[in-house]
Structures are given as structure tokens and as C-alpha cells.
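Overview (structure and organization)
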Amino acid sequence: MRILRQRNSAILRALIIEDTRKTMALLITHKCINCDMCEPECPNQAISMGNEIYEIDSDRCTECIGHYDKPTCQSVCPIDNTIIINPAHKETNEELWDKFVILHHTV
Ligand code: SF4
Ligand code: SF4
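Residues numbered from 1 in each chain as written. Chains lettered and ligands numbered in written order. Predicted model: local features only at pLDDT ≥ 70, side-chain atom pairs only at ≥ 80, totals over all residues. Heavy atoms only, no water.

**Let's talk about the site of ligand 2**
As a matter of local geometry, ligand 2 sits amid 13 residues, with Cys32, Cys35, Cys38, Tyr54 and Cys77 nearest to it. Taken together, the residues that form the shell around ligand 2 break down as 10 nonpolar, two polar and one charged. (Near = heavy atom within 4 Å. Nonpolar A, V, L, I, M, F, W, Y, C, P; charged D, E, K, R; others polar.)

Dropping the structure here:
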């Protein structure tokens, strides 16, 4: 199992080794109407209800890398520009892939 995880990680790293594009986790602004659409769609369980509106855990948000071509929470949100990039959490593509591996390929 450990060897399989290491191999999966190596494959994922190989896919992104040349890609150092800066990306970011996302955040939900106060335009949120608490419609509940985004929370069940997140593949990383990064979205949860906060004190007033839904929130995104930046430690779990990967911009949906490894699951979808673009952030699925943005795709399902009915209010434009409610889910936006979080400038406080700049990450490289490789860092997002590392997060994906840790979330989904470790026991
Ligand atoms: S971008 Fe993807 S991983 Fe991040 S909060 Fe939205 S649905 Fe979840
Ligand atoms: S889909 Fe948009 S409006 Fe609905 S809960 Fe999520 S962030 Fe708020």
C-alpha cells in the first residue's frame, strides 16, 4: 500500500513538475445567500457553514485540482463573484497537488 501511494504521488508530481503557476485557495464573500449548493459539491469537504455564511477551509481547498477542470463551487454558485480567489493563500500548482495527495491518498 505504501509503495502504491508513493507511486501515485510520483505520477502526480510528474504531471506538474514544470508548472509553477501561482494559484490560490478560494474564499466566500458576504454576497453568499446560504443556498447550500456549494457545500455538498466540494470534493474535499472544504466548505462548511460559518457563523453567518458558508466558509472555505483553505487547508482543504485545492481549487478542485485532481477532480475538476475548474472550481466546482464557483460553477454551482448562483450568485456571481461570491466565491473568489483568496489572496492570503497563494500556492503553486505543486502545492495544490500535494494537498490533493495528502487529502486523498494517505491512510
Ligand atoms: S474550489 Fe473545489 S476544493 Fe476548493 S472549496 Fe471549491 S469545491 Fe472545494
Ligand atoms: S453556492 Fe454560493 S450562495 Fe450558495 S451557499 Fe455556496 S457560496 Fe453561498
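Additional details are given in the paragraphs that follow.
**Topic: the side chain of Thr82**
Tracing the chain through its elements places Thr82 in the loop between α2 (72-76) and β4 (83-92). Using a relative accessible area of 2% as the deciding quantity, one classes Thr82 as buried. Engagement of the side chain of Thr82 in a polar contact is seen with the backbone oxygen of Ile79, the distance being 3.0 Å. When sequence neighbours within four positions are dropped, the list of residues in contact with Thr82 reads Leu27, Ile28, Thr29, Lys31, Cys32 and Cys77. (Helix = DSSP H or I, 4+ residues; strand = E, 2+ residues; numbered from the N terminus. Buried < 20%, exposed > 50% of the residue type's maximum accessible area, 1.4 Å probe, protein only. Polar contact = N/O pair within 3.5 Å; in protein donor to acceptor, adjacent residues only side chain to side chain. Contact = heavy atoms within 4.5 Å.)

**Concerning the site of ligand 1**
Around ligand 1 sit 13 residues in total, of which Cys42, Asn44, Cys61, Cys64 and Cys73 are the nearest. The residue makeup of the shell around ligand 1, split by class, is nine nonpolar, three polar and one charged.

**Description of the nonpolar core**
Membership of the largest hydrophobic core comes to 15 residues, with the highest contact counts inside it found for Ile28, Ile47, Ile56 and Ile83. Elements supplying a minimum of two residues to this core: β1 (22-28) and β3 (54-56). It is β1 that contributes the most residues to this core, three residues altogether. Setting aside chain neighbours within four positions, we find Ile47 in contact with Ile28, Cys38, Glu39, Cys42, Tyr54, Glu55, Ile56 and Cys73. Listed in part, the five residues of the second largest apolar core include Ile65, Leu96, Trp97 and Val101. (Core = buried A, V, L, I, M, F, W, Y, C linked by side-chain atoms within 4.5 Å.)

**Description of the pattern of salt bridges**
Taken as a whole and assessed by the stated rule, the structure comprises one salt bridge. Salt-bridge contacts for Lys99 lead to Glu91; the nearest nitrogen and oxygen are separated by 2.7 Å. Judged by its relative accessible area of 11%, Lys99 is buried. Take Glu91: its relative accessible area is 11%, and that puts it in the buried class. (Salt bridge = Lys/Arg side-chain N within 4 Å of Asp/Glu carboxyl O.)

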